[in-house]
Amino acid sequence: LKTLDVAAVRKDFPLLSRILHGKPVVYLDSAVSGQMPVPVIDRMTRYQREEHTNVHRGVSTLSQEATDFYEAAREKVRRFIGAGSVKEIVWTRGTTESINLVAQTFGRTAVKAGDEILLSAMEHHANIVPWQMLAEEKGAVLKVIPMNDAGELLLDSLDELLTERTKIVGVVHVSNVLGTVNPVKEIIARAHAKGVPVLVDGAQAVPHLQVDVKDLDADFYAFSGHKLSGPTGIGVLYGKLAHLEAMPPWHGGGNMIRSVSWEKTTYMAAPGKFEAGTPPIAAAIGLGAAIDYLEALGLDRIAAHEHDLLVYATERLTGIPGLRILGTAKDKASVISFVVDGIHPHDMGSLLDGEGVVVRAGHHCAQPVMTRFKVPATTRASFAYFNTRDEVDVLVSAVEKAIELFQ
Ligand code: PMP
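Residue numbers run consecutively from 1 along every chain, following the written order of its sequence. Whole-chain, interface and lining totals are the exception, using all residues; otherwise, since this is a predicted model, local features are given only for residues with pLDDT of at least 70 and side-chain atom pairs are given and counted only at 80 or more. Side-chain calculation: all heavy atoms of the structure are included, whereas hydrogens and water are not.

Peer 1: Which residues make up the sheet that holds strand S14 (residues 335-340), and what values do they have?
Peer 2: The strands making up a sheet are joined through hydrogen bonds of the backbone, oriented either antiparallel or parallel. The pairing criterion for strands is at least two bridges between them, as found by DSSP. To qualify as a helix, a DSSP run of H or I must reach at least 4 residues; to qualify as a strand, a run of E must reach at least 2; elements of each kind are numbered from the N terminus. In space, the four strands of this open sheet follow the order S13-S14-S17-S16, with antiparallel pairing throughout. Two strands close off the open sheet at either side, each with one partner strand: strand S13 (323-326) and strand S16 (360-362). Across the sheet, the mean angle from the axis of one strand to that of its neighbour is 30 degrees, orientation sign disregarded. We call two residues contacting when some pair of their heavy atoms lies within 4.5 Å. Structural elements are reduced to axes, namely lines fitted to C-alpha atoms, with helices fitted over the stretch in contact, and the angle between N-to-C directions of any two is expressed from 0 to 180 degrees. Sheet strands in contact with helix H12 (residues 345-354) are S14, S16 and strand S17 (378-382), and its direction is about 40 degrees off that of S17.

Peer 1: Describe the pairing of strand S11 (residues 257-260), naming the residues involved and giving the relevant values.
Peer 2: Pairing of S11 with strand S12 (residues 265-267), which is carried by three bridges, proceeds in the antiparallel orientation. Among the inter-strand pairings, isoleucine 257 is bridged to a residue of S12, identified as tyrosine 267. Linking S11 to S12, which pair antiparallel, is a turn of four residues.

Peer 1: Now, about the sheet that holds strand S4 (residues 89-92): what can you tell me, with residues and values included?
Peer 2: Pairing in this open sheet of seven strands is mixed, and the strands run S4-S10-S9-S8-S7-S5-S6 from one edge to the other. The sheet is open, and its two edges are formed by S4 and strand S6 (141-145), each paired on a single side. The average undirected angle you get between the axes of adjacent strands in this sheet is 20 degrees. As defined by bridge partners, strand S8 (residues 198-201) adjoins strand S9 (residues 220-224) across three bridges and the pair is classed as parallel. Paired with valine 200 across the strands is tyrosine 221, a residue of S9. Contacts from helix H4 (residues 95-110) reach S4, strand S7 (166-172), S8, S9 and strand S10 (235-239) within the one sheet, and its direction differs from that of S9 by about 155 degrees.

Peer 1: Please provide a residue-by-residue account of the side chain of lysine 273, values included.
Peer 2: Mapped onto the fold, lysine 273 is located in the loop between S12 and helix H10 (281-297). Think of a polar contact as two N or O atoms within 3.5 Å of one another; within protein, one of them needs to be a possible hydrogen donor and the other a possible acceptor, and neighboring residues in sequence only count if both atoms come from side chains. Polar contacts involving the side chain of lysine 273 include one to the main-chain carbonyl oxygen of leucine 244, which spans 2.9 Å. A polar side-chain atom of lysine 273 sits 2.7 Å from the main-chain carbonyl oxygen of methionine 247. Not counting residues up to four positions away in its chain, the partners in contact with lysine 273 are Leu244, Glu245, Met247, Pro249, Trp250, His251, Met256, Tyr267 and Met268.

Peer 1: Give a detailed account of the side chain of threonine 163, specifying residues and quantitative values.
Peer 2: Note that threonine 163 resides in the loop between helix H6 (158-161) and S7. Of note is the side chain of threonine 163, whose polar atom sits 2.9 Å from the backbone nitrogen of arginine 165. When sequence neighbours within four positions are dropped, the list of residues in contact with threonine 163 reads Glu116 and Lys143.

Peer 1: So what's going on with the nonpolar core? Residues and values would help.
Peer 2: The set of buried Ala, Val, Leu, Ile, Met, Phe, Trp, Tyr and Cys residues whose side-chain atoms join them within 4.5 Å is what this entry labels a nonpolar core. Here's how the labels work: a residue is buried when its accessible area is under 20% of the maximum for its type, exposed when over 50%, partly exposed in between, all with a 1.4 Å probe on protein chains only. In this structure, Ile81, Trp91, Tyr221, Val369 and Tyr385 are the most contacted members of the largest nonpolar core, which totals 79 residues. In terms of residue count, the dominant contributor to this core is H10 (ten residues). Setting aside chain neighbours within four positions, we find tryptophan 91 in contact with Tyr70, Ala73, Arg74, Val77, Ile234, Gly235, Val236, Glu275, Ala284 and Leu287.

Peer 1: Explain the site of the ligand residue by residue, including any values.
Peer 2: We call a residue near a molecule or strand when any one of its heavy atoms sits within 4 Å of it. As a structural note, the neighbourhood of the ligand is formed by 13 residues, with Thr96, Asp201, Gln204, Ser224 and Lys227 the closest of them. Note that a nitrogen atom of the ligand is positioned 3.2 Å from one of the side-chain N or O atoms of histidine 124. Within the side chain of glutamine 204, an N or O atom sits 2.7 Å from an oxygen atom of the ligand. Burial of the ligand by the surrounding chains reaches 85%, relative to a free accessible area of 400 Å². Residues of the shell around the ligand, tallied by class, amount to three nonpolar, eight polar and two charged. The Shrake-Rupley method, run with a 1.4 Å probe sphere, supplies the accessible areas, and residue values consider only the shown protein chains as cover. Residue polarity is assigned by list, with Asp, Glu, Lys and Arg as charged and Ala, Val, Leu, Ile, Met, Phe, Trp, Tyr, Cys and Pro as nonpolar; anything else, Gly included, falls into the polar class.

Honestly, that's just the spatial picture; any functional story needs more than this.
Below, the structure is given as structure tokens:
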């Protein structure tokens with residue numbers, strides 16, 4: 001396996017040569033939002049400057065051209081996640097909207113009073129709140145798959161938690177706080193053995209792992225463009241065609257209908273019936289370009305490089321007295337949350353910022369995870385393919401400097 005030429009890759013990211021508070025920026029916040037490489041920005045700019053019009057709007061050459069680019073991006077997504085058909089790829093605004101779509105269409109149809117929705121203990125709020133809202137509306141019950149102190153799901157209890165009342169399982173593929181890579185294939189197989197469909201939140205997985213929705217046998221798989229070297233405002237819901245066909249439409253309006261009359265409206269087939277109104281065309285084309293970029297670098301090379309950074313950073317941070325890493329699962333992506341005795345994670349985040357090191361401090365939209373580990377917040381460094389071991393060293397020195405300041 002040829003390794004990634006990181007020095008060359010970094011030239012595609014102008015932000016990485018910025019100076020922050022007099023220091024070279026060290027961007028360790030890709031779990032919040034990745035950075036877009038220049039080829040992605042250029043592709044979107046070309047669309048905005050020379051190709052901008054609406055899609056699926058009749059006979060004009062420009063509209064047909066825009067439609068082709070937009071639909072080609074959908075095909076890139078299909079191939080990227082191993083889906084069988086482009087009909088299974090629904091454009092959304094992001095992971096959050098994808099999950100809300102499923103909760104409010106599939107969920108609203110399937111879930112009745114007394115039914116159960118099974119989630120894992122390490123879900124992002126995006127895979128909790130939409131289900132809680134549905135449960136409140138329907139009088140349904142949320143149940144939770146617990147985890148151990150390493151941040152690994154306790155699957156011994158899974159068969160018990162899956163009952164004849166369970167209507168859907170929602171599980172995060174990679175935890176945005178703990179970095180845990182969950183064994184979603186096994187979870188899906190065990191849920192399917194009891195006839196229960198599974199939605200996977202893949203927001204943090206697609207940037208790091210080669211995902212194959214068919215191999216996983218996922219019923220639904222959701223992710224966002226902005227964590228995948230693409231822009232904000234675009235995301236994906238993969239759904240098995242049989243589910244999408246059976247689900248009622250969600251938003252109503254133009255672009256999702258077959259015919260409208262005062263008496264009756266009929267809807268397009270999937271994915272069209274879930275895509276009312278004018279979509280974020282430039283963003284979809286940008287996401288397609290991001291997938292091209294990542295595939296050209298090589299997903300296996302990206303994974304190997306990020307794994308090296310994870311191992312190195314874990315080793316170096318573990319050597320700091322008083323620092324505790326949350327999430328020590330055997331199978332982990334390049335996300336490290338930590339707390340330091342006597343220093344609030346927000347103070348740590350601000351001190352690191354002063355050193356040019358961009359991290360996230362907070363509850364990471366996963367408050368139940370904070371409660372589980374009895375911390376108010378954590379500081380989180382997340383590593384992407386453009387990061388280096390030298391940047392890990394800068395992080396470690398900055399953490400040590402913050403600790404000195406507080407002592
Ligand atoms: N799930 C996970 C695991 C995430 O990390 C995020 C983003 N922090 C989301 C869902 C929500 O993604 P978005 O805000 O792009 O909808």
